[in-house]
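Notes for the structure review
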Amino acid sequence: MFKTEEMEINLGPQHPSTHGVLRVKLHLDGETVVRCVPMIGYLHRGVEKICENKTFFQGQVWTDRTDYVASVSNNLGWAEGVEKLFGITVPRRAHYIRTMLTELNRITSHLLWLGTHALDIGAMTVFLYAFREREEILSIFEAFCGARLTTTAFRIGGLREDIPPGLEKQVRAFQARFLDCIEEYETLLTENRIWKKRTIGVALLNAEDAIALGVTGPVLRAAGSTYDIRKVFPYAAYAEMDFDVPTQTAGDTYARYLVRLEEMRQAHRIVNQCLDGLPEGPVMAKLPKVLKSEVNEVYHAIEAPKGELGYYFVGEKGGVNPYRMHIRAPSFINLQALPKMVEGRLLADVIAAIGTLDVVLGEVDR
Amino acid sequence: MAITKVWIEEGCIVCNACEAECPDVFHVTEESCHIKGDSRKDGRESENRDEKAELKADLQSSLEASIVAAAAACPVEVIKYDQVASADAPGSAEPAAAPAVIASPAPVAVAPEGAPTAAPAVDADIENAVDAALGTTGNTAAPVPAPSAAPRPVAAATPPDPPAANPAKPRVTKVWIEDGCIVCNACEADSPEVFHVTETTCMIKPGVRLDGKESENRVEKNGLKPEDGERLITSIITASKGCPVDVIKYEVLGDAPVVEAKPHDAAEVAAGPFVLDYKAAPNRQVVMPKTVPLPSLHTYQEEQKAAVAADGAKWAKQQADFETAKAKALAEGKDAPKPPVRAVPKKNENDMEFPAPSEAKDPDLLHLTDLLDGKVSQAFEQSGELILQVHPDGLIETLMFCKGDASLRYEMLVDQTATHYPAAEGFAFSVVYQLISISRHKRLRVRVLVKEGQDLESAVEIYPSANWMEREIYDMFGIRFTGHPDMTRILCPEDWEGHPLRKEYPTLGWGQRDIDFREDRSGVLMRMALEKAGNMGINLKVPKAD
Amino acid sequence: MASPRYSLLRTLIPFDIYGGMKLTGKYFGKVLRQANRGPKRTHVVVEYPEVAVTLQPRFRGRLQMIKDEQGEIKCVCCLACEKICPTQVITIEKGKKEGRKTPFPLQYDFEMERCIFCEFCVESCGFDSIILNHQFELAGYDREDFSHGMEGQFQNMFSITPVGHYSVASED
Ligand code: SF4
Ligand code: SF4
């Protein structure tokens, strides 16, 4: 009379908690996930192909649109990758400003993650507080470069303009408040019994699996590894900054939450150091009017809020366009770990797992 | 055509437009624009208004297009130049006889290419405008119909002179069969000497081929015997047009004769005017790269050596010239000319220095080269990165060593991607593996070169993270990996046609809604295109298909 | 992990819930007490469109052409902006005008629906003849509203678009 058979359901592509258009094909046995297959590509725009047909200068605008919640980080990766390809030395002041903005961007990205992840799991209030602070950082971006999300913040060789007057005051005002704000999120979540029940021991990924699957960023560090590109292969002004790399050993959703919160504190520390130690000088390197590449091939990786963001360029002799451009998108690779995290677990944990991986579909599909 | 002199009249507004177009010749200073010393015979840098020094001989024709473009871009039109017709190939910058891959409705595919090349002065924008205009009209007024009704969008009012450089008769150099033959025998009926239809597909007969093999010739693209190519050109083109699935492709040297195709299917002809052949649409033609930018130490060193040798030869010639001039002057009893000065390399004023590749010094690279013994084609360092190029058979072994060897310990495969090199010989793709060692803080790039159609071994067993990355490479380039658990497309839909990141894939995708994105709302583009084309003697007004 | 005794205590006395409620209550009270009234605003919501939003000076809005004091268009048709635009939305037709030494744009077409407001065009213009203004209300009733040329009452390159005329938040 009763049949028992595996059920196949689709989570997404329009599920509110998939943060974009991720479709996850789930084979369920009752409420337990037997098999999980992420289906991606709904947002594939061919960014790599487009950038191969645009100049090095123009291509940056497409990086805004891959990981659209961390566009400043993407801009940094693009600019530094191209600079490495050409062998350009960037002035120190530009490095400091870049570092400051990238760290502020890390905060916005983590705040957006915190708000939406908590919202998925059922804690509504944090979302409002997180977005309040994010708004403030976005208006800092607006003051610096004129746009809030699609920033196109940097230029090859430095910055377009120096920071506007008043920006430092604005950043300092934010900095003064922000540590208390993190305390508020902690009050709402860290000891919250429902939050702990929903996150501790959920979506486990140990360090070995994480490394095998190429997972980077906070997800890897929550499993115990200390791999952080800012420390290991320093770029921009990180070599001169004093900060810690937060790690946890549990490798579950709760550990990742703690790591990301601590990362926001460290980002706050770095921003302060950038402001205090901002050197004087030009913000743009001296460059020829038209950049023509030589035959060269570089891979430049930075620590984006989501993990290792790498730009791979191949330059052609006398070319004004990259011959080949490839984005190593952290979300794309991290999403590979989703089946490992949820197979054998409950359906409701899939939502937590997607949230805790912090994927942005614009970057997964590119 | 060539430009002998270029100078700047009074009134420069230092807008930098010319430098952006042609940085080799123009240099915009604070007050005015100068013609660079490097490009001039007398080596001085000035506006060149009074002295009118000539350009260097080698630059005269190579920079022609960009100088013309710069002059056109100048808002105050103060860039003037002397243009002379050079001896060879009047009226065509490139010999029109360059082999062009022609899709079946041949005239449509070549016509827009032909228009700008026949033009005396080609400006990138004109090309764009012409293309755009062709695109819009092509889409609305003259859809590409079945071959028999194919209109020539560029009906030349004054047909371009036949290329003087190539008096030989046109001939088919290559013919091959693409995937998708339906074994209908149509081609064998048209040209039995070339085609042979078997049970499964159509073959190019051995008798007409240079290598004397019988195959589809799709991969190897072996040439036809020249005499056969000349003799059979009409029948091959007829067969190609007659092919119902358009899989017969060929390359022609010279002007292809216009061949009327036999309407083979009434239904198809009727459907014709409404079907746009995406691949033949003029705005979807791609320019294939001509160079192979594969960074390598060997090539770099050879280039450097050649540059040094060229420099030395130039200097020797200068000195020899001086000696003869001196001897001549002495003989005639005049003052000796000034001895030449060896040009010093220009100082780099910019914060930019090309990161040149250097010999492998890193212990990891040396260790791996020892371990792999003979499988490594080259190892070098560039931009602070370690690069190891191995043979495809040694790939898995290399990765095993990288991961397993106690002194290497590259635990993570962070990235894997490929690059398409259509112009290369002996390989078509390079696949790179970016490895990191988390414990030792090192990065390494392993590179293999892959031929077209060659499979690589999958790295999933060693590095599970290769799973999606290999699927992405397959999706984007069509390189298959053996031993991969699930070799399917990942970003594109399963039924997608083509591999988007190959260089022959057009930017305006196939199967995309056919909008010309640069819409011509106020008719500007159209007017500009018509005017420019009119100056070139081309009639762009496409006859309406009725 | 806390010891079992401690966690029993925590179950009985819900500190976590108390902390959360206190925080929420604090902000609730604050807003309730001085919603839009207090001299110093503590909340971040802007009552747009009744209250104009403040934009940063570098805000990147719509592309606009500038005229100089004599009412002459400053653009000299160097086409730098047309070439640099990553989405190719600018089309310029070069022409001549009586009594003007430099060329004059007969047509300056700007297709706003594809503009991504990157400001590359303004950056490349050596004559300061275009700016991105501060208009961010860019909705239109049909597609034609997004294509701007030199003529037309609303869709021209020199003033803000129709919606801008009705908004209280327009900057002037
Ligand atoms: S803002 Fe950017 S996209 Fe818009 S017109 Fe200018 S260059 Fe083009
Ligand atoms: S860059 Fe400035 S001057 Fe040149 S065409 Fe554009 S708007 Fe006109």
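Because the structure is a prediction, the values reported are computed rather than measured. (Residues numbered from 1 in each chain as written. Chains lettered and ligands numbered in written order. Predicted model: local features only at pLDDT ≥ 70, side-chain atom pairs only at ≥ 80, totals over all residues. Heavy atoms only, no water.)

Time to look at the site of ligand 2. What surrounds ligand 2 is a group of 13 residues, the closest being Cys75, Cys78, Cys81, Cys125 and Ser129 of chain C. Looking at the shell around ligand 2 residue by residue, the classes come out as twelve nonpolar, one polar and no charged. (Near = heavy atom within 4 Å. Nonpolar A, V, L, I, M, F, W, Y, C, P; charged D, E, K, R; others polar.)

At the interface, 57 residues of chain A touch 59 residues of chain B. If you sort the residues of chain A by the area they bury against chain B, Lys49, Glu297 and Tyr323 of chain A come out on top, with a joint share of 15%. Linking chain A with chain B are six salt bridges, by the criterion used here. Joining chain A to chain B, the criterion identifies 22 residue pairs in polar contact (both at pLDDT 80 or more). Of the residues belonging to the side of chain A that touches chain B, the class tally is 30 nonpolar, twelve polar and 15 charged. (Contact = heavy atoms within 4.5 Å. Buried area = accessible area lost by both parts, 1.4 Å probe. Salt bridge = Lys/Arg side-chain N within 4 Å of Asp/Glu carboxyl O. Polar contact = N/O pair within 3.5 Å; in protein donor to acceptor, adjacent residues only side chain to side chain.)

Further remarks concern the packing of aromatic side chains. Aromatic rings considered in pairs are described by the distance between their centres and by the relative angle of their planes. Residues and elements named next belong to chain A. Going through the model one piece at a time under the given rule, you end up with 17 aromatic pairs over all chains. Aromatic side chains tyrosine 254 and tyrosine 257 sit 5.8 Å apart centroid to centroid with 35° between the ring planes, which places their arrangement in the tilted category. With tyrosine 254 and tyrosine 257 both in helix α11 (residues 253-276), this residue pair falls three residues apart, about one helical turn. The exposure class assigned to tyrosine 257 is buried, which follows from its relative accessible area of 0%. Among the aromatic residues, those joined into a ring-pair cluster are Phe56, Trp78, Phe86, Tyr311 and Phe313. Geometry around phenylalanine 154 places arginine 98 over its ring, the cationic atom sitting 5.4 Å from the centre. Here the basic side chain of arginine 134 rests over the ring of phenylalanine 131, its NZ or CZ set 5.3 Å away from the ring centre. (Phe/Tyr/Trp six-rings, centres within 6.5 Å; stacked < 30°, edge-to-face > 60°. Helix = DSSP H or I, 4+ residues; strand = E, 2+ residues; numbered from the N terminus. Buried < 20%, exposed > 50% of the residue type's maximum accessible area, 1.4 Å probe, protein only. Lys NZ or Arg CZ within 6 Å of the ring centre and 35° of its normal.)

Take helix α3 (residues 71-86) of chain A next. Here α3 of chain A is 16 residues long and its end C-alpha atoms lie 23 Å apart, about the 22 Å a rise of 1.5 Å per residue gives. Along α3 of chain A, 15 of the 16 residues are buried, which leaves the element largely enclosed by surrounding structure. (Expected span 1.5 Å × (residues − 1).)

Residue and element names in this part refer to chain A. Within the open sheet, the three strands sit side by side as β1-β2-β3. Their pairing is antiparallel. Edge positions in the sheet fall to β1 (7-11) and β3 (32-39), since each has one partner strand and no second. Going across the sheet, the axis of each strand differs from the next one's by a mean of 20°, ignoring polarity. Here strand β2 (residues 23-29) pairs with β3 via seven bridges, running antiparallel. Opposite leucine 28, over in β3, you have valine 33 as the bridge partner. (Pairing = 2+ DSSP bridges. Axes fitted to C-alpha atoms, helices over the stretch in contact; angles between N-to-C directions.)

Following the criterion strictly, the structure yields zero disulfides over all chains and no others. Between cysteine 51 of chain A, a free cysteine, and cysteine 118 of chain C, which holds the nearest cysteine sulfur, the sulfur-to-sulfur gap is 13 Å. Residue cysteine 51 of chain A is classed as buried on the basis of its relative accessible area of 0%. (Disulfide = S-S within 2.5 Å.)

Residue and element names in this part refer to chain C. Residue-level pLDDT values for chain C average 74, and 74% of them are 70 or greater. No element of chain C has a lower mean pLDDT than helix α5 (residues 162-166), which averages 50, and none a higher one than helix α4 (residues 120-124), which averages 86. Contacts from residues 164-172, a stretch scored under 50 in pLDDT, to residues over four places away or in other chains number 13 contacts. (pLDDT = per-residue confidence, 0-100.)

All names here are of chain C. Burial of strand β2 (residues 90-95) is extensive: five of the six residues sit out of reach of the surface. Where β2 and strand β3 (residues 104-111) come together, six bridges link them in antiparallel fashion. Its bridge partner being in β3, glycine 95 is matched across the sheet by phenylalanine 104.

A word on the environment of glutamate 397 of chain B. Residues and elements named next belong to chain B. Among the secondary structure elements, glutamate 397 is positioned in helix α12 (residues 395-404). Look at glutamate 397 and you get partly exposed, because its relative accessible area is 30%. Residues in contact with glutamate 397, not counting those within four places in the same chain, are Leu372 and Lys375.

On to the nonpolar core. If you look at the biggest cluster of nonpolar residues, it comprises 183 residues, and the most contacted ones within it are Leu104 and Tyr185 of chain A together with Tyr433 and Leu444 of chain B. Sort the elements by how many residues they give to this core and helix α4 (residues 92-121) of chain A lands first, with twelve residues. Other than its neighbours up to four places away in sequence, leucine 104 of chain A contacts Ile137, Ile140, Phe141, Val171, Phe174 and Val271 of chain A. Among the nonpolar cores identified, the runner-up in size contains 31 residues, and Ile73, Leu79, Tyr108 and Phe158 of chain C belong to it. (Core = buried A, V, L, I, M, F, W, Y, C linked by side-chain atoms within 4.5 Å.)

Here glutamine 382 of chain B shows up in strand β12 (residues 376-382). Assessed through its relative accessible area of 2%, glutamine 382 of chain B is described here as buried. For glutamine 382 of chain B, the side chain forms a polar contact with the main-chain oxygen of proline 355 of chain B, separated by 3.1 Å. Among all residues touching glutamine 382 of chain B, those that are not within four sequence positions of it are Val295 and Asn296 of chain A together with Pro295, Phe354, Pro355, Ala356, Pro357 and Ile387 of chain B.

All right, on to the pattern of salt bridges then. Oppositely charged side chains are able to pair whenever their charged atoms sit close together. Enumeration over the complete set of coordinates arrives at 50 salt bridges over all chains. Between glutamate 184 of chain A and lysine 26 of chain C there is a salt bridge, with the nearest N and O atoms lying 4.0 Å from each other. Separated into two different chains, glutamate 184 of chain A in helix α6 (residues 167-189) and lysine 26 of chain C in helix α2 (residues 15-34) make up a pair that spans both. Judged by its relative accessible area of 8%, glutamate 184 of chain A is buried. On the basis of relative accessible area, lysine 26 of chain C is assigned to the partly exposed category, the value being 43%. Salt-bridge contacts for glutamate 263 of chain A lead to arginine 221 of chain A; the nearest nitrogen and oxygen are separated by 2.5 Å. Of this pair, glutamate 263 of chain A sits in helix α11 while arginine 221 of chain A sits in helix α9 (residues 218-221); the two residues are 42 residues apart in sequence, bridging distant segments of the chain. Classification of glutamate 263 of chain A by relative accessible area gives buried; the value is 1%. Overlapping salt bridges, with partners in common, bring together Glu103, Arg106, Arg221, Asp228, Arg230, Glu263 and Glu303 of chain A in one network.

A separate point is the packing of helix α11 (residues 363-372) of chain B against α12 of chain B. Residues and elements named next belong to chain B. Running from N to C, α11 and α12 cross one another at 130°; their axes reach a closest spacing of 11 Å. In terms of orientation, α11 and α12 fall into the oblique class. The two elements α11 and α12 cross, and the hand of that crossing is right-handed. Contacts between α11 and α12 involve Leu368, Leu371 and Leu372 from the first element and Glu397, Thr398, Phe401 and Cys402 from the second. Here the contact of α11 with α12 is built from residues that sort into five nonpolar, one polar and one charged. (Parallel < 35°, antiparallel > 145°, perpendicular 65-115°, else oblique. Left-handed = near helix turned anticlockwise from the far one by under 90°.)

Take the site of ligand 1 next. Surveying the vicinity of ligand 1 reveals 13 residues, the closest of which are Cys85, Cys115, Cys118, Glu119 and Cys121 of chain C. Taken together, the residues that form the shell around ligand 1 break down as eleven nonpolar, one polar and one charged.

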